[in-house]
Amino acid sequence: MFSVITVSDSCAAGKATDTSGPHLVELIKQSLKTDTVNYLLIPDEEDLIKQSLIYACDVLKVRAVFTTGGTGFAPRDVTPEATRAIITKEAPQLTLAMTLCSLEKTKFAVLSRAVCGVRNKTLVVNFPGSKKAVGECFQSIVDVLPHLLNLLSEGEIERVRETHRKVQATGDGPVPQEVYHVCPHATGKGGDDRNSPFPMIDVDDALRQILATIPSVQTARKQLSRVNIPPFRASIKDGYALKSIGGKGMKKVIGYISAGDAIVQTNFTIDECYKINTGAPVPQHADAIIQVEDTKLVSRKNDYESIVEILAEPSASLDIRSIGSDLRMSEEVFQYRFPLDACQRALLAAVGEKASVVKLKVAIISTGDELLHPYDTSAAADASSLEGKIFDSNTTMLVALVRQCGFTEDQCEIQQRVVKDDFESLKAEIESLTGAVHVIICTGGVSMGDKDFVKPVLKALNYELIFGRVNMKPGKPCAYATSKVTKFFGLPGNPVSAFVTFHLFALPALRQYLATLNETAPNAAKASLPMITVELLDAKYVLDPRPEYARASIVSRNGKLLASITGGQISSRLKSTVEADVLLELPARTETKPYITAGTPLKALVLRSDFISRYE
C-alpha cells in the first residue's frame, strides 16, 4: 500500500484542480505494480501535514508516502519542515538524485527544498508541486525504489540479497529482473560481449516514453451547431395534427402533410385536422399530434380520408418535437476525438458541416532481402526465384490494421514499401521519409543479426533512440526513436511480434498524433486498447520468463468471459492472430509460479469490437 498527499491551499479550497497528485498516483500504480494507492488533498498547514504523514506511516503502515507541493520558498511552503519533524532517518541522496535530474530541465530546480527520509519502515518523499516536475523527479528514483522498499521490509530479505549479488557481479546497480526492472546484463562492453547494448524496459514504461515524445495540446476542439435541430416543429408520429382545445371526437381531414413539405400557415377550426407523417412540419396553428393508432377512419372521398374520429384526449405539445429540441444553434455538438468515427460524422452531417481533418502521414516499411511482394505473379510462376524467399505479409497486415483501427483515407495517408537489407538502401529510404511523414512503422532489422541495420541507420540520421528492447514476449527487440517531426517504430520482423507491438505501442501513438495535428486534446484513456478481466479456459499454460501477450479467443459462458489461447504462440506463426479476440496479459514465470491453470483471472486487451467468438 502507498499514499499520495497533495499539499495545496488553492486545490484544497476548490479554487484550482490538483493534477500532480492524481498523476503521481498513476505513476506509482504503473511503476510499482500496485492497485492500492491512498490519495489525500490538504492545505498548507504544518500541523495537518505532520498528522497526515504520521497517520499514513503509523496507522495505515504504508510502504511509502509521496507528497507533492509546498516545497518552495513561499511563506506557507512548509512541507519540508513537517516532513523533517516526523522522519527518523533522512535520505539526502534521494533528494540529490531528484535535484540533479531537475537541474537538467531548469535552473530553478535549486529552489526546491524537498526532503526525503524514513519513519520506522515507511519511506517519505517530497516532490515539487507541478505535474511535470513530479514526473521527472519520480523517474529519477523509480529504479531504486523497489530495492529501497525491500530494505525496509523484513519479509523481503532474500530479494535484497539477490540484488546485492547481481550488483556485485555486474559492478553496477540496476535492480534485478524480478523486481520491476530488467538488468541489461553485460552489454555494450565490446570484445567478446555479444549481448544487446540496449537495456530492456517494461511495456508500460515503453508506452509512457513513446507518448511523451508525441506532441499534444491541452484543450479539446469543439464543434458547435450552426442550425437548430429540428429547424421547425416536427411530428414525432404518423397521425393527425390538430388543436388540443378541440378534444376528442369527429374531425374533418382538410389536408395531407409529408416530410419535406412547407409549413402550413393557414388557420383552421377545432373540428378540423391535417393528416401528417413522421418528421413532417407541424402546421403553425396546430399544437398536438394524435397517432394513427388512436383514431378511427369514418369516411373517405376519392381515395382520400375525409372524416376521422379522435379516440384519445389530445394535450398541448403531444408528440411534437419543438424547434432545437435535439440541438440548438451555437450549442456544442461534441468535442472532437480522432480518428473520427461514424457518430461524429453523422452529427457533422446533421449540422451541415464537412469533416475537416489534417491528415496523419504514415509510412510502413518491411526490410529483408528475402521478401517478395505478395502479389508478384512473375515470382510465383518461377519456382527457382522462390528459393530462400518468402512473401511479405507485414506491410499488408499493418496497412490493414491502421485502416481497421479507424484511420480512414481522409484521415491518414499511407505509403507502403519493401527495402533491401543493406545499410545504404535503408538509410536512403528512411532519410527520404524523415520530415515528410509523421510516423514510420518499420518491421525487421532491429535484432542482433548481421544485417539488422535499423538502429545504426537511426543513429546516423540523428534520431534520438528512446529504447531498443522491451521486456515482453513476443516483441523483445522492439525499438522506438524520434526526430523533430517523424516518429520511428522499429517493430520486429516476425509477423506476430509486429502484430502485438503495433497494438501496444504504435496504435496509441497514431491516435495521439492525429488528435494533436487537429488541435485536439488526446483521450489518454482511449489511446490504448480497452482492457477486460477474463478467466483462463485452458487446463494449463507454462509461463515464459518474460511477461507474455498471448493471442486468445473469448468464450462467454453464463455471462463469464473465458479465454482460450489460440494454439502455438511462436512469433512467426501468423495464424495465431486469425482467431484472436484479445491479447492476454500473462505474468513472467517465477520459481513459485511456473505455470497458470484454468480459472486464473487475467487482464486482456480487446483487439476488436466483436471480441466474443462464441456463447455457451
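Here, the structure is the one placed above.
What comes next is a walk through the structure. Because the structure is predicted, anything quoted here is derived from the model rather than measured.

Time to look at the overall build of the chain. When helices and strands are tallied, the chain shows 16 helices and 34 strands. The proportion of buried residues among the 616 residues of the chain is 46%. At a minimum sequence separation of 6, the contacts of the chain that also span at least 24 residues come to 71%. Of the accessible surface of the chain, which amounts to about 30,000 Å², a share of 53% is contributed by carbon and sulfur atoms.

The subject of this paragraph is the pairing of strand β15 (residues 304–310). Across four bridges, strand β11 (residues 249–257) lies against β15 in antiparallel orientation. Along β15, the bridge assignment pairs Met-250 with Glu-309. Bridging between strand β14 (residues 295–301) and β15 involves six bridges; their strand directions are antiparallel. In the sheet register, Ser-299 faces β15, and the bridge partner there is Ile-307. Between β14 and β15, which follow one another and run antiparallel, lie two residues, and Asn-302 among them has a positive phi close to 55°.

A grouping of Phe-73, Leu-96, Leu-100, Leu-103, Phe-108, Val-110 and Leu-111 is seen on the molecular surface, where their side chains present a nonpolar patch of about 710 Å² in accessible area. Looking at the element boundaries, Leu-96 is found in helix α5 (residues 92–103).

Turning to the sheet that holds strand β13 (residues 288–291), a few remarks are in order. Note: strands within a sheet are paired through backbone hydrogen bonds, in either parallel or antiparallel orientation. The six strands are arranged β13-β10-β12-β11-β15-β14 in an open sheet whose pairing can be described as mixed. The open sheet has two edge strands, β13 and β14, and neither has a second partner. In this sheet, adjacent strand axes meet at a mean angle of 35° when their direction is disregarded.

What follows covers the packing of aromatic side chains. Considering all chains together, one arrives at 12 aromatic pairs under this definition. Taking 5.9 Å as the distance between ring centres and 5° as the angle between the ring planes, the aromatic pair formed by Phe-66 and Phe-127 counts as stacked. One end of the pair, Phe-66, is in strand β3 (residues 64–68); the other, Phe-127, is in strand β6 (residues 122–127), and 61 residues separate them in sequence. Classification of Phe-66 as buried rests on a relative accessible area of 0%. An angle of 70° between the planes, with centres 6.2 Å apart, marks the rings of Tyr-463 and Phe-488 as edge-to-face. Linking Tyr-463 in the loop between α14 (454–460) and β23 (464–467) with Phe-488 in strand β26 (residues 487–491), this pair joins segments that are 25 residues apart in sequence. Taken individually, Tyr-463 and Phe-488 each receive the classification buried, so the pair is uniform in this respect. One aromatic cluster is present, formed by Phe-467, Tyr-480, Phe-489 and Phe-505 through successive ring pairs. Its guanidinium or amino end placed over the ring of Tyr-336, Arg-221 lies 4.2 Å from that ring's centre, counting from NZ or CZ. Its end group placed over the ring of Phe-268, Lys-243 keeps NZ or CZ at 5.1 Å from the ring centre.

The N-to-C vectors of helix α12 (residues 394–404) and helix α15 (residues 495–517) enclose an angle of 35°; their axes lie 11 Å apart at closest approach. For the crossing formed where α12 meets α15, the hand is right-handed. Contacts between α12 and α15 involve Asn-394, Met-397, Leu-398, Leu-401 and Val-402 on the former and, on the latter, Pro-495, Ala-498, Phe-499, Phe-502, His-503 and Leu-510. Broken down by class, the residue content of the contact of α12 with α15 amounts to nine nonpolar, two polar and no charged.

Moving on, we get to the pattern of salt bridges. Where charged atoms from two side chains of opposite charge come close, those side chains can pair. Counted under the stated rule, the structure contains 26 salt bridges. Ionic pairing is found between Arg-226 and Glu-353, a salt bridge with its closest N-O pair at 4.0 Å. Here Glu-353 lies in the loop between α10 (342–350) and β18 (360–367) and Arg-226 lies in the loop between β8 (222–224) and β9 (234–235), a separation of 127 residues in the sequence. The exposure class of Glu-353 is partly exposed, given its relative accessible area of 30%. Salt bridges here are not isolated pairs; linked through shared partners, they connect Asp-9, Glu-45 and Arg-76.

This part covers the packing of α5 against helix α6 (residues 131–141). Interaxial distance between α5 and α6 falls to 9 Å at its minimum, and their mutual angle equals 125°. Here α5 lies oblique to α6, going by the angle between them. Between α5 and α6 lies a crossing of right-handed hand. Here Leu-94, Ala-97, Met-98, Cys-101 and Ser-102 of α5 lie close against α6, whose contacting residues are Glu-136, Cys-137, Ser-140 and Ile-141.

Right, let's get into the environment of Lys-593. Looking at the secondary structure, you find Lys-593 in the loop between β31 (582–586) and β32 (595–597). According to the relative accessible area criterion, Lys-593 is partly exposed, its value standing at 39%.

A word on the side chain of Ser-20. Mapped onto the elements of the fold, Ser-20 is located in helix α2 (residues 20–31). Residue classification places Ser-20 among the buried positions, given a relative accessible area of 4%. In contact with Ser-20, other than residues within four places in its own chain, are Thr-68, Gly-129, Ser-130, Lys-131 and Val-134.

Here we take up the sheet that holds strand β5 (residues 116–119). Read from one edge of the open sheet, six strands run β2-β1-β3-β6-β5-β4, paired in mixed fashion. A single partner strand is all that each edge strand has here, and the edge strands are β2 (37–42) and β4 (89–90). The pairing of β5 with β6 spans four bridges and is classified as antiparallel. Across the sheet, residue Val-118 finds its bridge partner in β6, namely Leu-123. Contacts between α6 and the sheet are confined to β3 and β6, with β6 contributing the most and set at about 140° to the helix.

A few words now on helix α7 (residues 145–152). The element α7 is extensively covered by neighbouring structure, given that seven of its eight residues are classed as buried. Residues of α7 that are buried: Leu-145, Pro-146, His-147, Leu-148, Leu-149, Asn-150 and Leu-152.

To continue, consider unusual backbone geometry. Geometrically, the link from Ile-229 to Pro-230 is a cis peptide bond, its omega value of -5° lying close to zero. Among the secondary structure elements, Pro-230 is positioned in the loop between β8 and β9. Following Lys-473, the chain continues into Pro-474 via a peptide bond in cis, with omega recorded as -10°. Residue position: Pro-474 is located in the loop between β24 (469–470) and β25 (479–482). For Ser-330, which is not glycine, the phi dihedral falls at a positive 75°.

Conventions and cut-offs
Residues numbered from 1 in each chain as written. Predicted model: local features only at pLDDT ≥ 70, side-chain atom pairs only at ≥ 80, totals over all residues. Heavy atoms only, no water. Helix = DSSP H or I, 4+ residues; strand = E, 2+ residues; numbered from the N terminus. Buried < 20%, exposed > 50% of the residue type's maximum accessible area, 1.4 Å probe, protein only. Contact = heavy atoms within 4.5 Å. Areas by Shrake-Rupley, 256 points an atom, 1.4 Å probe, with all protein chains shown as cover. Pairing = 2+ DSSP bridges. Patch = residues over 30% accessible without salt bridge, like charges linked within 9 Å, V, L, I, M, F, W, Y side chains within 5 Å. Salt bridge = Lys/Arg side-chain N within 4 Å of Asp/Glu carboxyl O. Axes fitted to C-alpha atoms, helices over the stretch in contact; angles between N-to-C directions. Phe/Tyr/Trp six-rings, centres within 6.5 Å; stacked < 30°, edge-to-face > 60°. Lys NZ or Arg CZ within 6 Å of the ring centre and 35° of its normal. Left-handed = near helix turned anticlockwise from the far one by under 90°. Nonpolar A, V, L, I, M, F, W, Y, C, P; charged D, E, K, R; others polar. Parallel < 35°, antiparallel > 145°, perpendicular 65-115°, else oblique.

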